Amino acid sequence: MKQSYNNGVEATLGVISGKWKPQLLCYLGNRPQRTCDLRQELPAISQKVLTQQLRELERDGIIVRHVYGERAPFKVSYELTALGKSLGQILVQMSEWGEQRATQLPDMEIRNDHAGFTHILEG
């Protein structure tokens, strides 16, 4: 079934919306990652939600899933596609905006910078 959006912002948000997707894209911007690596980077995400978010990103052509090994347990890794890498500048701008906003609010802090997003741009 064909997706219908009111504008480009809505279409973009349809792909990257949610608490975890932008963060997953950040870590995948550094290098291909295994599921256990992503769980380590995002310890608050449940396995169910991680799997769901990765499947949605794969369905949307943002990441690709690689399965290694001929017998269970298989090793699985994920990496950004060219389309996923094209989100890099958008994610960097979102990160920079959030960091600037945090400097204006006394009860907000950013623990990490957008280093992962800049790797997306370099790739």
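Report follows, based on the coordinates. These numbers come from a predicted model, not from an experiment. (Residues numbered from 1 in each chain as written. Predicted model: local features only at pLDDT ≥ 70, side-chain atom pairs only at ≥ 80, totals over all residues. Heavy atoms only, no water.)

**Description of the overall build of the protein chain**
- Within the protein chain, the regular secondary structure consists of 7 helices and 3 strands.
- Each helix (α) and strand (β) of the protein chain, taken in turn from the N terminus, gives the series α-α-β-α-α-β-β-α-α-α.
- Looking at the protein chain as a whole, 31% of its 123 residues qualify as buried.
- When contacts within the protein chain are restricted to residue pairs at least 6 apart in sequence, long-range pairs at least 24 apart make up 48% of them.
- Accessible surface, the protein chain as shown: approximately 8400 Å² in total, 50% of it carbon and sulfur. (Helix = DSSP H or I, 4+ residues; strand = E, 2+ residues; numbered from the N terminus. Buried < 20%, exposed > 50% of the residue type's maximum accessible area, 1.4 Å probe, protein only. Contact = heavy atoms within 4.5 Å. Areas by Shrake-Rupley, 256 points an atom, 1.4 Å probe, with all protein chains shown as cover.)

**Concerning the pairing of strand β3 (residues 75-80)**
- Pairing analysis gives 2 bridges linking strand β1 (residues 33-34) to β3, with the strands arranged antiparallel. If you follow arginine 34 over to β3, its bridge partner there is serine 77.
- In the sheet, strand β2 (residues 63-68) pairs with β3 via 6 bridges, with the strands oriented antiparallel. The partner of valine 64 across the bridge, within β3, is glutamate 79. (Pairing = 2+ DSSP bridges.)

**Some points on the packing of helix α2 (residues 21-30) against helix α4 (residues 47-59)**
- Axis separation between α2 and α4 bottoms out at 10 Å; the angle between their running directions is 75 degrees. Taken as axis vectors, α2 and α4 run roughly perpendicular relative to one another. In this structure, α2 contributes Lys21, Leu24 and Leu25 to the contact, and α4 contributes Leu50, Gln53, Leu54, Glu56 and Leu57.
- Residues belonging to the contact of α2 with α4 are distributed by class as follows: 5 nonpolar, 1 polar and 2 charged. (Axes fitted to C-alpha atoms, helices over the stretch in contact; angles between N-to-C directions. Parallel < 35°, antiparallel > 145°, perpendicular 65-115°, else oblique. Nonpolar A, V, L, I, M, F, W, Y, C, P; charged D, E, K, R; others polar.)

**Description of the sheet that holds β1**
- Spatially, 3 strands are ordered β1-β3-β2 in an open sheet, and the strand pairing comes out antiparallel. Looking at the sheet topology across the chains shown, the edges are occupied by β1 and β2.
- Of the strands in this sheet, β1, β2 and β3 touch α2, which is tilted by about 95 degrees from β3.

**Structural notes on the packing of helix α1 (residues 8-16) against α2**
- Interaxial distance between α1 and α2 falls to 8 Å at its minimum, and their mutual angle equals 70 degrees. As the angle between them shows, α1 and α2 are arranged roughly perpendicular. Contacts between α1 and α2 involve Gly14, Val15 and Ile16 from the former and Lys21, Pro22 and Leu25 from the latter.
- When its residues are assigned to classes, the contact of α1 with α2 shows 4 nonpolar, 1 polar and 1 charged.

**Regarding helix α6 (residues 88-104)**
- Helix length check: α6 (17 residues) gives 25 Å between terminal C-alpha atoms against 24 Å at 1.5 Å per residue, within 8%.
- Here α6 has its buried residues at Gly88, Leu91, Val92, Ser95, Gly98 and Ala102. In a view along the axis of α6, the buried residues occupy a sector of 130 degrees, so they form one face of it. Along α6, exposed side chains directed more than 90 degrees from the buried face belong to Trp97, Gln100 and Gln104. (Expected span 1.5 Å × (residues − 1). Arc of directions from axis to C-beta.)

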